[in-house]
Amino acid sequence: MTSPAQNSPDLLCEEILADARRAADETLRRARDQAAAIIAKATADADTARCQLLDQARAEAARRSELILATVPVESGRMRSARINELLESIHDDIRRRLLARDGFDYRETIIALAAEALRRMDGEQITIKFSAADRELLDDAARDEIKRRAGRPNLLFRIESSAEAEAGVIVQDAEGRQIWDNRLASRLERMWPEIQLQIALKTGLVSGGIA
């Protein structure tokens, strides 16, 4: 098995995962401290309630204290789950912002790789590649030739169009519109996000076998 090419979409995703893990580690530490404080306070509250009820009636106090204590893991679990979801949402938003800002990676190389990947998966000879207007200047003759070379279709004559919907990345489709490959960076993030957040959660210890 060959290692992924530098600046390939797969390597980009690995780098994103690495950044996300580092951000998650620090937030996880804070979340654990907060969870410990919550449990300690809930336990103290339960002890206080137990003493008050014992003054009224020992049997009734015992029954009610058990009910109170039973709510501690439920509430702490709910708060932990909410904190994890908040953390993952923050990571998702930061990744998306960086992608749309073309921040921290070779964007020209990335769109060449994304366009070539889409072309490899499509049939036909009348293909349109849509880029954002801001990206058109990156698509010189050298870039077009590189896209065709990587796609393994050196004789393909594809058309380039500017499209407001393209944003960062590419949309590739055939003339009839039957084949459409959405390789915009934001779209790829959404397709990959379930797996990305699972890997973040597993590798940072937020969960042991799934998203909380």
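All values reported here derive from a predicted model rather than from experimental measurement.

Student: Is there a simple way to explain helix α4 (residues 141-151) in this structure?
Tutor: Because an α-helix packs 3.6 residues into every turn, residues spaced three or four apart end up facing the same way. Of the residues making up α4, those classed as buried are Ala143, Ile147, Lys148 and Ala151. Along the axis of α4, the buried positions cluster into a sector of 135°, meaning they face one direction only. Those residues of α4 that are exposed and aimed more than 90 degrees away from the buried face are Asp141, Ala142 and Arg149. Elements in contact with the buried residues of α4: α3 (107-120). Just downstream of α4 lies Gly152, where phi reads positive at about 75°.

Student: Explanation requested: the pairing of strand β1 (residues 127-131) in the structure shown.
Tutor: Along any regular strand the residues' side chains alternate between the sheet's two faces. With five of five residues buried, β1 lies mostly within the body of the structure. Neither face of β1 is open: one carries Ile127, Ile129 and Phe131, the other Thr128 and Lys130, and all of them are buried. Here four bridges tie β1 to strand β3 (residues 169-174), and the two strands are oriented antiparallel to one another. Across the sheet, the residue bridging to Lys130 is Ile171, located in β3.

Student: For this particular structure, what's the right way to read the sheet that holds strand β4 (residues 180-184)?
Tutor: Neighbouring strands of a sheet are bound in pairs by backbone hydrogen bonds; such pairs are parallel or else antiparallel. With mixed pairing, four strands are arranged side by side in an open sheet as β2-β1-β3-β4. Two strands bound the open sheet, and with one partner strand each, they are β2 (159-162) and β4. In this sheet, adjacent strand axes meet at a mean angle of 20° when their direction is disregarded. When β1 meets β2, the two strands line up parallel, connected through four bridges. Opposite Lys130, over in β2, you have Glu161 as the bridge partner. Contacts from α3 reach β1, β3 and β4, with the element oriented near 20° to β3. Along the sheet face, helix α5 (residues 185-204) touches β3 and β4 and points at about 95° away from the line of β4.

Student: Mind showing me how you'd approach empty space enclosed by the protein here?
Tutor: By rolling a water-sized probe across the atoms, one finds the places where empty space is left. What the rule picks out here adds up to two cavities of 30 Å³ or more. Taken as a whole, the largest cavity holds about 120 Å³ of empty space. Those elements that place two or more of their residues in the lining of the largest cavity are α1 (9-56), α3 and α5. Take the lining of the largest cavity: its biggest share by element is five residues, from α5.

Student: Would you explain the packing of α3 against α4 in this entry?
Tutor: A pair of packed helices can be characterised by two numbers: the angle between their axes and the separation between those axes. The N-to-C vectors of α3 and α4 enclose an angle of 45°; their axes lie 8 Å apart at closest approach. Taken together, α3 and α4 sit at an angle that is classed as oblique. For the pair α3 and α4, the sense of crossing is right-handed. In this structure, α3 contributes Arg108, Glu109, Ile112, Ala113, Ala115, Ala116, Leu119 and Arg120 to the contact, and α4 contributes Ala142, Ala143, Glu146, Ile147, Arg150 and Ala151. Of the residues belonging to the contact of α3 with α4, the class tally is nine nonpolar, no polar and five charged.

Student: Would you mind showing me how to read the pattern of salt bridges here?
Tutor: The final tally for this structure, using the stated rule, is 11 salt bridges. One salt bridge connects Arg97 with Asp94, and the closest N-O pair in it is separated by 2.9 Å. In this pair, Arg97 and Asp94 are both assigned in helix α2 (residues 58-100), three residues apart and thus about one turn of the helix distant. Accessibility expressed as a relative area gives 46% for Arg97, which makes it partly exposed. The partly exposed category is assigned to Asp94, whose relative accessible area is 35%. A salt bridge links Glu109 to Arg150, with the nearest nitrogen and oxygen atoms 2.7 Å apart. A residue pair is termed long-range when its members are at least 10 positions apart, and Glu109 in helix α3 and Arg150 in helix α4 qualify at 41 residues. Relative accessible area serves as the criterion here: at 16%, Glu109 is assigned to the buried category.

Definitions and limits used
Residues numbered from 1 in each chain as written. Predicted model: local features only at pLDDT ≥ 70, side-chain atom pairs only at ≥ 80, totals over all residues. Heavy atoms only, no water. Buried < 20%, exposed > 50% of the residue type's maximum accessible area, 1.4 Å probe, protein only. Helix = DSSP H or I, 4+ residues; strand = E, 2+ residues; numbered from the N terminus. Arc of directions from axis to C-beta. Contact = heavy atoms within 4.5 Å. Pairing = 2+ DSSP bridges. Axes fitted to C-alpha atoms, helices over the stretch in contact; angles between N-to-C directions. 1 Å grid on protein atoms, 1.4 Å probe; cavity = no way out; pocket = protein on both sides within 12 Å on 5 of 7 lines; lining within 4 Å. Points joined across faces, edges and corners; volume = space filled by probe spheres on them. Parallel < 35°, antiparallel > 145°, perpendicular 65-115°, else oblique. Left-handed = near helix turned anticlockwise from the far one by under 90°. Nonpolar A, V, L, I, M, F, W, Y, C, P; charged D, E, K, R; others polar. Salt bridge = Lys/Arg side-chain N within 4 Å of Asp/Glu carboxyl O.

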